[in-house]
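# Coordinate analysis (summary)
What follows is each chain in one-letter form.
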Amino acid sequence: MSRIDTPTYLKERFEPKYEFFETQAKRHRRLYLRIRLAEIVFAALIPLKVAFIPHETILFKVLVGGFAVLVTIMGGLLLLNRYQEKWITFRATADAMQREKYLFMARRGIYKNEEAEGMFVERVEEIFSKEEHQWQGLVLNTEGPGVADD
């Protein structure tokens, strides 16, 4: 395998990965907030319906029961799909990648020396590895974000 130069690494590896994490962070944030908002609205409507619809009507039973079912389903979706945790994990990964890129491009921090290109690739690949470990933890439901690498 031949050595890859930094512009090629940035174009073929870094930028596509960054775009993926950025897109996924936005997607999971949007899903989490929409479902959470709907859950709050339907939960708030239950006492409102109890107060204003006569209890003995079929409409009361259907509305209150239906809203309760919706709240339960939405809570289950949030718990099962872990949108908030995925949003935070993807956002943190994209931010870490961006930080490394800016430090590298400005030749600041650890990138002040002649081995900056190699260090940049190693640190970015470390970020990818850490994110993959966290993702596996989320998917397998055995570990969450912030679990230290063993």
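About the thresholds
- Residues numbered from 1 in each chain as written.
- Predicted model: local features only at pLDDT ≥ 70, side-chain atom pairs only at ≥ 80, totals over all residues.
- Heavy atoms only, no water.
- Core = buried A, V, L, I, M, F, W, Y, C linked by side-chain atoms within 4.5 Å.
- Buried < 20%, exposed > 50% of the residue type's maximum accessible area, 1.4 Å probe, protein only.
- Helix = DSSP H or I, 4+ residues; strand = E, 2+ residues; numbered from the N terminus.
- Contact = heavy atoms within 4.5 Å.
- Axes fitted to C-alpha atoms, helices over the stretch in contact; angles between N-to-C directions.
- Parallel < 35°, antiparallel > 145°, perpendicular 65-115°, else oblique.
- Left-handed = near helix turned anticlockwise from the far one by under 90°.
- Nonpolar A, V, L, I, M, F, W, Y, C, P; charged D, E, K, R; others polar.
- Lys, Arg positive; Asp, Glu negative; His and termini not counted.
- Salt bridge = Lys/Arg side-chain N within 4 Å of Asp/Glu carboxyl O.
- Expected span 1.5 Å × (residues − 1).
- Phe/Tyr/Trp six-rings, centres within 6.5 Å; stacked < 30°, edge-to-face > 60°.
- Lys NZ or Arg CZ within 6 Å of the ring centre and 35° of its normal.

Turning our attention to the nonpolar core. General note: in soluble globular proteins, nonpolar side chains tend to be found buried as a group. Residues Y9, F14, F21, M97, F120, V124 and F128 are the most contacted members of the largest nonpolar core, which totals 16 residues. For this core, the secondary structure elements donating two or more residues are α1 (6-52), α3 (83-106) and α4 (116-140). In this structure, F128 is in contact with Y9, R13, K17, F21 and M97, ignoring residues within four places of it in sequence. In this structure, Y32, I35, M74 and L78 belong to the second largest nonpolar core, which totals six residues.

Here we take up the packing of α1 against helix α2 (residues 58-81). Close contact between α1 and α2 brings their axes to 9 Å; oriented N to C, the two are set at 155°. In terms of orientation, α1 and α2 fall into the roughly antiparallel class. By crossing handedness, the relation of α1 to α2 is classed as left-handed. Here Y32, I35, R36, A38, E39, F42, A43, L45, I46, K49 and V50 of α1 come into contact with α2, specifically with F60, L63, V64, F67, A68, L70, V71, M74, G75 and L78. Tallied by class, the residues present in the contact of α1 with α2 amount to 17 nonpolar, one polar and three charged.

Tracing the backbone shows K86 in helix α3. At 9.2 Å, E85 is the nearest oppositely charged side chain to K86, a buried residue that forms no salt bridge.

Within the fold, F60 resides in helix α2. Judged by its relative accessible area of 12%, F60 is buried. Sequence separation of F60 and I46 is 14 residues, and the distance between their C-alpha atoms is 9.9 Å.

Helix length check: α4, at 25 residues, gives a terminal C-alpha distance of 36 Å against a target of 36 Å (1.5 Å per residue), a fit within 8%. Listed in full, the buried residues belonging to α4 are A116, F120, V124, I127, F128, E131, Q134, G137 and L138. Of the surrounding elements, those touching the buried residues of α4 are α1 and α3.

A few words on the packing of aromatic side chains. Counted under the stated rule, the structure contains 12 aromatic pairs. For the ring pair F14 and Y18, a centre distance of 6.4 Å and an interplane angle of 0° mean the geometry is stacked. With F14 and Y18 both in helix α1 and four residues apart, the pair spans about one turn of that helix. Per residue, the accessibility class of F14 equals that of Y18, and both read buried. Measuring from centroid to centroid gives 4.5 Å for F104 and F120, while their planes differ by 15°, and the two rings are stacked. Separated by 16 residues along the polypeptide, F104 in helix α3 and F120 in helix α4 bring together distant segments of the chain. The aromatic ring of F128 is capped on one face by K17, whose charged end is 4.9 Å from the ring centroid. Cation over ring: R107 sits above F104, and NZ or CZ is 4.3 Å from the ring centre.

Any functional reading would require information that these geometric values do not contain.
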